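The chain contents come next:
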Amino acid sequence: MDIVMSLALLLVVVTVGTGVYAIKKGIDGSKAKTILGINVLSFFGILIVATVVLLTGGTTALAAETAEKAAASAEGMRYIAAALSTGLAAIGSGIAVAVSGSAAIGAISEDSKLLGKTVIFVGLAEGIAIYGLIISILILG
């Protein structure tokens, strides 16, 4: 498993490193295409190697893990999944309410008859957070 993590770290370093190099040098044109090609080639090359290592040598390490550690890990993943579903839904809802609310205020200032229609869109945007909360309750329950 350590080999896979090392390959994943190498993948991140190569990808970010070539991007930073291209940005600092201000490269454009054919050089940018070359660097992009190297980046894509290294990304998929390391990804294929990591997959092969994971499927061949990594299974013995996974089989040696005890059931107790796996159960504790699964319990922690439940909490992380519940937190992510609630948090990301709330962030998405906040962005949606900000955009639709400001547009609704602008529309109402132009024509006050649009109040009922605009409140529906803002309410739908708030519903996104409720859906995320329901999903997290289902994950934990």
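What you see as residue numbers is a count from 1 along each chain, following the sequence as written. Residues qualify for local features only when their pLDDT is at least 70, as the model is predicted, and side-chain atom pairs are given and counted only at 80 or more; totals for whole chains, interfaces and linings, by contrast, use all residues. Just so you know, side-chain values use all the structure's heavy atoms and leave hydrogens and water out.

- The name an unreviewed UniProt entry assigns to the protein chain is ATPase, from the organism Vallitalea guaymasensis.
- UniProt's Sequence similarities (unreviewed entry) comment on the protein chain is quoted here verbatim: "Belongs to the V-ATPase proteolipid subunit family."
- In its Subcellular location (unreviewed entry) section, the UniProt record describing the protein chain reads: "Membrane". UniProt positions are given in the numbering used here, feature names are shortened, and annotations may be inferred rather than shown by experiment.

## Considerations on the overall build of the protein chain
Stage number 1. Think of it this way: any DSSP run of H or I at least four residues long counts as a helix, any run of E at least two long counts as a strand, and we number them from the N terminus. Broken down by element type, the protein chain carries 5 helices and 0 strands.
Stage number 2. Residue burial in the protein chain is summarised as follows: out of 141 residues, 16% are buried.
Stage number 3. Contacts between residues were defined by any pair of non-hydrogen atoms, one from each residue, lying within 4.5 Å. Look at the contacts in the protein chain between residues 6 or more apart in sequence, and 77% of them connect residues 24 or more apart.
Stage number 4. Computed with a 1.4 Å probe, the accessible areas rest on the Shrake-Rupley method; for each residue, only the protein chains presented here act as cover. As displayed, the protein chain has an accessible area near 10,100 Å², and 76% of this comes from carbon and sulfur atoms. To sort residues, take the accessible area from a 1.4 Å probe on protein chains only and compare it with the maximum for the residue type: under 20% means buried, over 50% means exposed, and anything in between is partly exposed.

## A closer look at the UniProt feature "transmembrane region" (unreviewed entry) in the protein chain
Stage number 1. In this numbering, the UniProt entry assigns the feature "transmembrane region" (unreviewed entry) to residues 38–64, 76–99 and 119–140.
Stage number 2. Helix makes up 100% of residues 119–140 and strand makes up 0%, while its end C-alpha atoms are separated by 32 Å.

## What about the confidence of the model for the protein chain?
Stage number 1. Here the protein chain shows a mean pLDDT of 80. Residues at 70 or above account for 86%.
Stage number 2. A residue's pLDDT is the confidence the predictor assigns to it, expressed on a 0 to 100 scale. Between the elements of the protein chain, mean pLDDT differs from a low of 53, seen in helix H3 (residues 58–64), to a high of 91, seen in helix H5 (residues 115–140).

## Topic: helix H2 (residues 30–56)
Stage number 1. By this rule, a helix spans an expected 1.5 Å times one less than how many residues it contains. Taking 1.5 Å per residue, 27 residues should reach 39 Å; H2 reaches 39 Å between its end C-alpha atoms and fits that length.
Stage number 2. Buried within H2 we find Ile35, Asn39, Ser42, Ile46 and Ala50.

## A word on the side chain of Ser85
Stage number 1. On the secondary structure map, Ser85 appears in helix H4 (residues 67–110).
Stage number 2. Under the relative-accessibility criterion, Ser85 is labelled buried at 17%.
Stage number 3. Each polar contact in these results corresponds to two N or O atoms within 3.5 Å; when the atoms are within protein, one needs to be able to donate a hydrogen and the other to accept it, and residues that are neighboring in sequence are counted only if both atoms are side-chain atoms. Only 3.0 Å separates the side chain of Ser85 from the backbone oxygen of Ala82, close enough to count as a polar contact.
Stage number 4. Beyond its immediate stretch of four places on either side in the chain, Ser85 contacts Gly132, Ile135, Ser136 and Ile139.

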